[in-house]
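Secondary and tertiary structure notes
So you can see what is in the structure, the chains are spelled out below.
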Amino acid sequence: MCYLLSQQGVWETLLAALEVLIRVEHQQQQFNITQLLNARVVHHFLLTCQVLQEHREGQLTSMPREVCRSFVKIIAEVLGSPPDLELLSVIFNFLLAVHPPTNTYVCHNPANFYFSLHIDGKIFHEKVRSIMYLRHSSSGGQSFPSPGFMVISPSAFTASPPEGTSSSNIVPQRMAAQMVRSRSLPAFPTYSPLMQAQKLAGSLVFSVDKLQNIADASPEKRNPLGSPYTLKKSKEEAFISSCESAKTVCEMEAFLAAQASANGVSRGSLRFPMARIDHKDLGTEHRSDDDSPGDESYPRRPDNLKGLASFQRSHSTIASLGLAFPSQNGSAVASRWPSLVDRNADDWENFTFSPAYEANYNRATSTHSAIEDCLIPICCGFYELLSGVLLVLPDAMLEDVMDRIIQADILLVLVNHPSPAIQQGVIKLLQAYINRASKEQKDKFLKNRGFSLLANQLYLHRGTQELLECFIEMFFGRPFGLDEEFDLDEMKHMELFQKWSVIPILGLIETSLYDNILLHNSLLLLLQVLNSCSKVADMLLDNGLLYVLCNTVAALNGLEKNIPLNEFRLLACDIQQLFIAVTIHACSSSGSQYFRVIEDLIVLLGYLHNSKNKRTQNMALALQLKVLQAALEFIRSTANHDSESPLDAVQSPSAYHHSVPQKRRSIAGSIPVKGSVTPHLPRRHFGSYGQLPMPFFSPLNQDSPQLSPGCTTCVVPPRAGPRKFPLAQTESLLMKMRSVASDELHSMMQRRMSQEHPSQASEAELAQRLQRLIILAVNRIIYQELNSDIIDILRTPENTSQSKTSVSQTETSEEDVHYEQPSVSNPFQKEMFTYLLDGFKISIGSSKTGTSKQQWTKILGSSKETLRVQLGRLLAHILSPTHTVQERKQILEIVHEPAHQDILRDCLSPSPQHGAKLVLYLSELIHNHQDELNEEEMDTAELLMNALKLCGHKCIPPSAPSKPELIKIIKEEQKKYDSEESVSKVAWQKTVSNNQQSLFQRLDLKSKDISKIAADITQAVSLSQGLERKKVIQHIRGMYKVDLSASRHWQELIQQLTHDRAVWYDPIYYPTSWQLDPTEGPNRERRRLQRCYLTIPNKYLLRDRQKSEGVLKPPLSYLFEDKTHSSFSSTVKDKAASESIRVNRRCISVAPSRETAGELLLGKCGMYFVEDNASDTVESSSLQGELEPASFSWTYEEIKEIHRRWWQLRDNAVEIFLTNGRTLLLAFDNTKVRDDVYQSILTNNLPSLLEYGNITALTNLWYTGQITNFEYLTHLNKHAGRSFNDLMQYPVFPFILSDYVSETLDLNDPSIYRNLSKPIAVQYKEKEDRYVDTYKYLEEEYRKGAREDDPMPPVQPYHYGSHYSNSGTVLHFLVRMPPFTKMFLAYQDQSFDIPDRTFHSTNTTWRLSSFESMTDVKELIPEFFYLPEFLVNREGFDFGVRQNGERVNHVNLPPWARNDPRLFILIHRQALESDHVSQNICHWIDLVFGYKQKGKASVQAINVFHPATYFGMDVSAVEDPVQRRALETMIKTYGQTPRQLFHTAHASRPGAKLNIEGELPAAVGLLVQFAFRETREPIKEITYPSPLSWIKGLKWGEYVGSPSAPVPVVCFSQPHGERFGSLQALPTRAICGLSQNFCLLMTYSKEQGVRSMNNTDIQWSAILSWGYADNILRLKSKQSEPPINFIQSSQQHQVTSCAWVPDSCQLFTGSKCGVITAYTNRFTSGTPSEIEMESQMHLYGHTEEITSLCVCKPYSVMISVSRDGTCIVWDLNRLCYVQSLAGHKSPVTAVSASETSGDIATVCDSAGGGSDLRLWTVNGDLVGHVHCREIICSVAFSNQPEGVSINVIAGGLENGIVRLWSTWDLKPVREITFPKSNKPIISLTFSCDGHHLYTANSDGTVIAWCRKDQQRVKQPMFYSFLSSYAAG
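Conventions adopted
Residues numbered from 1 in each chain as written. Predicted model: local features only at pLDDT ≥ 70, side-chain atom pairs only at ≥ 80, totals over all residues. Heavy atoms only, no water. Helix = DSSP H or I, 4+ residues; strand = E, 2+ residues; numbered from the N terminus. Buried < 20%, exposed > 50% of the residue type's maximum accessible area, 1.4 Å probe, protein only. Contact = heavy atoms within 4.5 Å. Areas by Shrake-Rupley, 256 points an atom, 1.4 Å probe, with all protein chains shown as cover. Salt bridge = Lys/Arg side-chain N within 4 Å of Asp/Glu carboxyl O. Phe/Tyr/Trp six-rings, centres within 6.5 Å; stacked < 30°, edge-to-face > 60°. Lys NZ or Arg CZ within 6 Å of the ring centre and 35° of its normal. Core = buried A, V, L, I, M, F, W, Y, C linked by side-chain atoms within 4.5 Å. Pairing = 2+ DSSP bridges. Axes fitted to C-alpha atoms, helices over the stretch in contact; angles between N-to-C directions. Patch = residues over 30% accessible without salt bridge, like charges linked within 9 Å, V, L, I, M, F, W, Y side chains within 5 Å. Lys, Arg positive; Asp, Glu negative; His and termini not counted. Charge placed at Lys NZ, Arg CZ, Asp CG, Glu CD. Parallel < 35°, antiparallel > 145°, perpendicular 65-115°, else oblique. Left-handed = near helix turned anticlockwise from the far one by under 90°. Nonpolar A, V, L, I, M, F, W, Y, C, P; charged D, E, K, R; others polar. Expected span 1.5 Å × (residues − 1). Arc of directions from axis to C-beta. Polar contact = N/O pair within 3.5 Å; in protein donor to acceptor, adjacent residues only side chain to side chain. pLDDT = per-residue confidence, 0-100.

What follows deals with the overall build of the protein. In terms of helices and strands, the protein carries 53 helices and 53 strands. Out of the 1928 residues in the protein, the part that is buried amounts to 60%. For the protein, restricting intrachain contacts to residue pairs at least 6 apart in sequence, the fraction spanning at least 24 positions comes to 70%. Surface accessibility of the protein: about 75000 Å² in total, with carbon and sulfur atoms responsible for 52%.

Our next topic: the pattern of salt bridges. According to the stated counting rule, one finds 57 salt bridges in the structure shown. With a shortest N-O distance of 2.7 Å, Arg-1087 and Glu-1085 are connected by a salt bridge. Taken together, the shared-partner salt bridges connect Asp-1077, Arg-1088, Asp-1771 and Arg-1774 into one network.

This next bit is on unusual backbone geometry. That bond from Pro-1378 to Pro-1379 is cis: its omega, 5°, falls within 30 degrees of zero. Relative to the helices and strands, Pro-1379 is located in the loop between helix 46 (1367-1373) and helix 47 (1380-1387). For Asn-1671, which is not glycine, the phi torsion reads 65° and is therefore positive. Inspection of the secondary structure puts Asn-1671 in the loop between strand 31 (1658-1665) and strand 32 (1672-1676). A positive phi angle is found at Ser-1756, which is not glycine, with a value near 50°.

As enumerated under the stated definition, the model contains 47 aromatic pairs in all. Ring centres of Phe-45 and Phe-71 lie 4.3 Å apart, and the angle between their planes is 20°; on these two criteria the pair is classed as stacked. Taken as a pair, Phe-45 in helix 4 (residues 41-55) and Phe-71 in helix 5 (residues 65-79) lie far apart in primary sequence, 26 residues in all. The same class applies to Phe-45 and to Phe-71, which are both buried. Residues Trp-1262 and Tyr-1272 carry aromatic rings whose centres are separated by 4.9 Å and whose planes lie at 15° to one another, so their mutual orientation is stacked. In this pair, Trp-1262 is assigned in helix 43 (residues 1255-1263) and Tyr-1272 in helix 44 (residues 1269-1279), connecting sequence segments 10 residues apart. The pair formed by Trp-1262 and Tyr-1272 is uniform in burial state, with each residue classed as buried. In textbook terms, an aromatic cluster arises when at least three aromatic residues are bridged by ring pairs, as seen for Tyr-1100, Phe-1384, Phe-1392, Phe-1437 and Phe-1439. The lysine or arginine in question, Arg-1458, covers the ring of Trp-1590, its NZ or CZ lying 4.2 Å from the ring centre. Looking at Lys-1676, its charged tip hangs above the ring of Tyr-1925, at a distance of 4.6 Å from the centre.

Our focus in this paragraph is the nonpolar core. Grouped together as the largest cluster of nonpolar side chains are 236 residues, with contacts concentrated most on Phe-94, Phe-382, Tyr-433 and Phe-579. Residues within four places of Tyr-433 in sequence aside, it is in contact with Leu-390, Met-402, Asp-403, Ile-406, Ala-408, Leu-411 and Gln-441. Among the nonpolar cores identified, the runner-up in size contains 128 residues, and Tyr-1300, Tyr-1313, Phe-1439 and Val-1818 belong to it.

Next up on the list: the pairing of strand 39 (residues 1757-1762). Extensive coverage of strand 39 is indicated by the burial of 6 of its 6 residues. Residues Val-1757, Ile-1759 and Val-1761 line one face of strand 39 and the alternating positions Met-1758, Ser-1760 and Ser-1762 line the opposite face, and both faces are buried. When strand 38 (residues 1746-1752) meets strand 39, the two strands line up antiparallel, connected through 6 bridges. For Cys-1750, the partnering residue across the bridge sits in strand 39 and is Ile-1759. Between strand 38 and strand 39, which pair antiparallel one after the other, the connecting turn spans 4 residues, and Ser-1756 there sits at a positive phi close to 50°. Pairing between strand 39 and strand 40 (residues 1767-1771): 5 bridges, direction antiparallel. In the strand pairing of strand 40, Ile-1759 is matched with Val-1769.

Another aspect to go through is the sheet that holds strand 44 (residues 1811-1816). With respect to topology, 4 strands assemble into an open sheet ordered 42-43-44-45, the strand pairing being antiparallel. If you trace the sheet from one side to the other, it starts and ends with strand 42 (1788-1793) and strand 45 (1822-1828), each paired once. Direction aside, neighbouring strands of the sheet carry axes that sit 15° apart on average. Bridging between strand 44 and strand 45 involves 6 bridges; their strand directions are antiparallel. For Ser-1811, the partnering residue across the bridge sits in strand 45 and is Cys-1828.

A few words now on a negative patch on the surface. A cluster of like negative charges, contributed by Glu-935, Glu-936, Asp-939 and Glu-942, occupies part of the molecular surface. Along the chain, the position of Glu-936 falls in helix 38 (residues 935-950).

Time to look at the sheet that holds strand 52 (residues 1901-1907). Pairing is antiparallel across the open sheet formed by 4 strands, whose spatial order is 27-52-51-50. The sheet is open, and its two edges are formed by strand 27 (1608-1615) and strand 50 (1881-1886), each paired on a single side. Across the sheet, the axes of successive neighbouring strands diverge by a mean angle of 20°, strand direction being ignored. Sheet topology note: the strand 27/strand 52 ladder contains 7 bridges and is antiparallel. Looking at the pairing, Pro-1608 lines up with Arg-1907 of strand 52.

This brings us to the packing of helix 36 (residues 900-908) against helix 38. As a packed pair, helix 36 and helix 38 sit with axes 9 Å apart at the nearest point and diverge in direction by 55°. When the interaxial angle is binned, helix 36 and helix 38 end up oblique. The interaxial crossing formed by helix 36 with helix 38 has right-handed handedness. Contacts between helix 36 and helix 38 involve His-900, Gln-901, Leu-904 and Leu-908 from the first element and Leu-944, Ala-947, Leu-948 and Leu-950 from the second. For the contact of helix 36 with helix 38, the class distribution of residues is 6 nonpolar, 2 polar and no charged.

So, about helix 42 (residues 1231-1242). Between the first and last C-alpha of helix 42 there are 16 Å, a value that for 12 residues agrees with the 16 Å anticipated at 1.5 Å per step. Inspection of helix 42 places Val-1233, Arg-1234, Val-1237, Tyr-1238, Ser-1240 and Ile-1241 among the buried residues, and these make up the whole buried set. In an axial view of helix 42, the angular spread of the buried residues amounts to 165°, which keeps them on one side of the axis. Residues of helix 42 that are buried make contact with strand 16 (1141-1150), strand 17 (1155-1163), strand 18 (1166-1171), strand 20 (1199-1207) and strand 21 (1210-1218).

Time to look at the packing of helix 21 (residues 516-532) against helix 24 (residues 565-588). At a minimum axis distance of 10 Å, the contact between helix 21 and helix 24 shows a crossing angle of 15°. If you check the angle between helix 21 and helix 24, you find them roughly parallel. Of the two possible hands of crossing, helix 21 and helix 24 adopt the one that is left-handed. Along its contact with helix 21, which presents Asn-516, Leu-519, His-520, Leu-523, Leu-526, Leu-527 and Leu-530, the element helix 24 presents Glu-567, Leu-570, Leu-571, Asp-574, Ile-575, Gln-577, Leu-578, Ala-581 and Val-582. Looking at the contact of helix 21 with helix 24 residue by residue, the classes come out as 11 nonpolar, 3 polar and 2 charged.

Right, let's get into the side chain of Asn-551. Checked against the element boundaries, Asn-551 lands in helix 23 (residues 545-558). Take Asn-551: its relative accessible area is 0%, and that puts it in the buried class. At a separation of 2.8 Å, a polar atom in the side chain of Asn-551 contacts the main-chain carbonyl oxygen of Ser-116. In terms of polar contacts, Asn-551 uses its side chain to reach the backbone amide nitrogen of His-118, at 3.0 Å. Those residues in contact with Asn-551, other than ones at most four positions away along the chain, are Tyr-114, Ser-116, Leu-117, His-118, Ile-119, Lys-127, Tyr-459 and Glu-510.

Glancing now at the confidence of the model for the protein. When pLDDT is averaged across the protein, the result is 75; 73% of the residues are at 70 or more. Here residues 794-824 scores under 50 on pLDDT; set against residues more than four positions off or in separate chains, the count is 54 contacts. Across residues 1553-1582 the pLDDT falls below 50, and counting only partners more than four positions away or on other chains, this stretch makes 54 contacts in the model.

Attention now goes to a nonpolar patch on the surface. Among the surface-exposed residues, Trp-1050, Leu-1053, Val-1063 and Trp-1064 lie close enough to one another that they form a single nonpolar patch of about 390 Å² accessible area. Tracing the sequence through the fold places Leu-1053 in helix 39 (residues 964-1057). Owing to a relative accessible area of 34%, Leu-1053 belongs among the partly exposed residues under this scheme.

Turning to the environment of Leu-506, a few remarks are in order. With respect to the helices, strands and loops of the structure, Leu-506 is situated in helix 20 (residues 504-509). Sequence separation of Leu-506 and Leu-526 is 20 residues, and the distance between their C-alpha atoms is 9.1 Å. Excluding its chain neighbours within four sequence positions, the residues that come into contact with Leu-506 are Tyr-114, Leu-526, Leu-540, Asn-543, Gly-544, Leu-545 and Val-548.

Take a look at the structure:
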């Protein structure tokens, strides 16, 4: 990864230095190599490459060529000779590891096999599209250029432009800067050292002077990485026809490249980087020549380059898709870009490098260095290195290398690579492997169908000339150029394995279609191989040659007009020649399997005839006929063959009369071959061109370009006017090529007919074949529709010259060139007729036979019956009235035969039907077409009629009058014959189709066989690759973890050291705003705020509160600017990656401010939510004002509750509650997925999961007064699915009071309360009627049904169109409280509401909801009962000015709240718990959660809301998209009714007093059982003072010391003789006294879901002691055992105080120097006995000794106090600083926090003596302070539930008195004195149930107090742990 950090050139220099050190001349070469090996240099190099590949991040993917070259060179040197086997293995494994995983397979899907037929359908169309794409993108010069053309390699002068593409661009002067290029994807252009002199820009555009630097390189000079062919140096070969230098163009290129992307090639069309270009489909041609003036100076496109798109832009043409044009000296350049096609996956989208290679192509290449995918040159280098090593490997080492290191199976997989260069490298290595393989290894390779698999692999990509050459070399066993002579002797002595290597060429045929020369060469090669060696011919046929050719025919025709006519004719001709060659091979060989080849070929072509493409159909039929014709001719010629006489019959015009030459013509013949400047002319001389056979395909589409015989436009050099060349020059090439093929065929026939042919077919076989062929041919003539197109195709010069009735040769050629009106007669039918006639004549012995014709006569004699029947059928067919008169006249020729009478008699005699038919048809001809026959023809017809009469058929005399009856009879007879004919045609078609089926079955068996082998290899190799990649990924993960942990440490440091009490504090960057912390406290109360950056623009703030408008950055943010993985999401991802994931489901994490899509992962230890694109997002949530990062993780131990939830009225979500107070709402796709996940979570061990009672148990607890109204409503909201995470399902609370205007309040007065039995909107009778009327009207409308003019269907009736709780309501109330302010702005289109509508007064809100507004039916939110902060405009938002001139700022509170938000909340909470509400809240529950929510009861209660607010609205069932969208919007905005919890009326709670005798049950647990008390006389109740004089009916509560309770009395006193450090009350009701340096550690079995529902047990406990000289913290968990060493703290951090957080197992220690250390601990085994420290973290904020640490677990805060006078609040969940409690005049001496409200009490010494007591809220706001004349030594809060009590702060004074102050206003409430002692009370605590108060004084006496009336109640156990305990 050092590459990431290295600057340009560092690598090059480093590697160059290494090269110098190990060069051969270096004296210390060996020593240096040894050192490099010791340093594992090879491993490190390769690992670096793999890391780069896996990373794919920006510039990482690329390395300069120089570096790649050096890599390979150094490794080659270090490898040694003989090679180090371990290194060899490492290199080979590396090649496997970096192979694109998407390509790691051997093609095993039969549909993608090279021999599987696809002539239509998806695969076919994709294939054709890809060929078209390649034809356009890779070469313009591929259409056969005139002899002056030269085709050069892609690698000549490329530096791989990232976006792909074309051949030489023509850049007109006006446009150099506006280059637009299409993008094919570049493969690896072969590396050339000559190029290093000029690292050219990523473009093929050169300036003239640059060309000078490209030295001439001949093909022979092979350099290490391939074979470049470079242009001949010449000044005139300028590539830019403008004076612009290449630089301008390159810059533009870079700009365009930046916009281009590797995947830019979409199906069949190219998208161009610049949007303004009007691009159409590739297939269409963009004509710009005609419509732009001034175009004449640019080269016109020649016709033979048809179909290449060019673009018109600002009056100029850019031939951007690869035009080839000759330069002044007459030679031309056409560079082809290699591009890749990967057809392995289902879709065309795979038309790209696999992802590992992709990123690189999306970026522009710098102008200075040619950078491309670094892996390709490196891999190519390694393949070449391995090939070399293998070839020279000592025999002794072969066994260790072959199949142990280098395995053939793996090589087969590696061939499947998008880069042609790598394919070539792998094949070269395979060749080396085969060269050194033993016989067993070769046999195994053949047995595994190695060559077929190889062909399948190649078929996935495009064919290239280099690949073709590789296989030719393998075949011949030596390098063999396409222009070499072909030696037959060589073929004879070739070993079998070599012959097999011709098979892979079959995989290249069809995919070479994009390059006509290549395809032509390949076909010609196959033709020569077929000719030369029948064994190889058999192999080719067995391995699907015919199937490949059929696919190629289909694809060739599929190209439609995308291929110039000449090329089309040539390739079609090549394929036809091959078919004919196969036919001759099959006909001449003995054995039934051979003839089956012809039958298969006919069946295949018949199948091809079913294609949807018209051209394919026509050609298929033409080829069937050609094949049959060739076979028939061959049998005749063979049988007639006389060794002395030349082969007149089959001599094609271009064949010459000479003996078979031993040397074959070179494959390439006259084709321009890469690297050659002038094309090779054929070795033989031609006569005149007129002698040459013309191409036999005429244009099949009338609109294809007409080539005039005179001339055709040709490509011209730039700046030259249009020039014409005579046709001869463009056509000649075609002719020469054809001649080579014809020669080939001719010599083949000669060889097959000569006696030397080894397995020549016997006479009997020939006779049998002749009969079969005749039947096949006649069937095709009779049953197939022959249209004129086919007739055109068939009219080839060969045919016409062979048939006896041919017109003169030259005439035909002319006709062929001019394409004049074709003659109607069907030549094949004509020839067949002649053939049958001649044959039949001979067979009946009517013509004289010479001795030489002996064999032919015999064959015909034995075939007489077939000839006879078929001739009869043919006669009837020819004369059939369905044909034109012109064709029917053909039959009259039979009369010219001397023995026509005998012939007719014989062929009509046994089956009179033919005779009758002939008579009928002839009569029809004579009677209906008299005017079309001339006299001579009429005579002949009559002669024929007479002949038929003589044969005994009843005739109608020609001279008879053409009576209508006669015509009628003829017509009826004709109908009869026609229907018979159609029946027999259907039968024939069925036979054909059956034949096809059986052929396909054979094909399937072959496919299955290969498929199985391929699948096995794929599986094995994928496994190996997986193991290799796993190593790398583990290495990367290791690096990543190091990176991540460093980044995490930095973030922790920043968090610790940038706050206002730390060293790096910077007030500019430190956040000063506060937002609501989502952590939930007791009863789900969210009271805490956390720091945040306010990201709200200044325009929303009051002027004096506006901040400077800079971009806010967190402190030291520059440390993370370039790190994507510093984000929290990456940390989560990383955690998840390192454990085994059992369940992985898509879901949405729902939070109030956002819905985040991602994945939920369930692992072994915990759960993870990873947001989508987690690694791409730099965590900026703190900046964005987001509460939490979107990704998070949690352990199973942290899960406290898990509930099924609804989301958007669908039952598809789950809500998870964690022990730290966080909650997560996750929504899944559907209920099933949710249920699966829910069950999966529950199957884990969840130690903290609460045992939740059912609702009945909950109601019982409430009914008996064990939980408060607030708690009960909170739990009901939770059960009904209300969640703080979803604003649409926010918990809902009732309006309680109706009096917001009085100065005083009496909570016992029912008139101040709202009517809880009625919905909020109908608090007043007069409003009821209006809602009832609304309901009735809607009910009526609903009954009527849908109206035509209304698109929405009628909805069910309702009373209220809005809802009492929805996101609008919640945001309305919380608008002053970030982050809701931002959500409000988003909700309101970035503006606050109208000032008068903004929440500004509690009274206004009440009036609107209850009376004034018909649409406002809001209830309250829980915050009204615990969060004063939301009523205050803390941040200074500018809400505007109301109409009355009053500015909206803080919320206006009722007068009785005395303008104090905290007081308002406290009184409001007491109102909620008042007796009146307790007795009536059941009615409100009925409306919201109970039986009045739905059904008839809801109608009667006027409580029906819009139907879109109820569960069960199935959005998916709505078909109309408009309606569905409307419904979705309603669900998201109207509000959602809670889940119904009760179906009958809810019970009412009785009055506050219950009479229960006897002792209270211990099981009641945590709550003071205020409901279970003995009755007191009512008179006493009035004796205590009210906490607030203007509010009556407030409850003090039932704790010991409460003003409303009886006086406290001492119930327990115990001296201990040693001073206690602290007293601690436990949830188990016990009290612990701890010595000064002791801390009690414990874990409890469960936290309670509902207070009082179950007991808490201690699971584990121990005493931690400190203060030892050795600074060790010791732990004692068993009384009988001595303490053990737990944590060694450093000398700097001498521990002075400790605190323990039970359920999170956190330990905090305060030290002498002021540093707090947080230790996270865990239990080592399942049984909690052993505990160990897991991690530690320092918290910095104090500068002197920490004197006290106080933990408030319910609100997750800790308060620390130091001698330096500071008092700091810390967040336990995030382990970070929250704020300092400032304003103490001296160090704080005592501190305590309330478990119920989170309030904090601090004490410090007062200047004038005594103490100051301060009370703060959990958010650090000072509530008030009070001076006490005595010194307060200790403080503690009472802990009764809020609302039913007013808690007190108990202070232990220095004089032994305990004084109680009210937490509402710090008024002293009571003093508790103990006459016997006046020692300072150094510690005190209330028991957990509040019934007892324990105090410890300075001399070690512990005293407990209880209420006078509760002396009988069982008192808590007291445990003392004195200093002696730790010693023992």
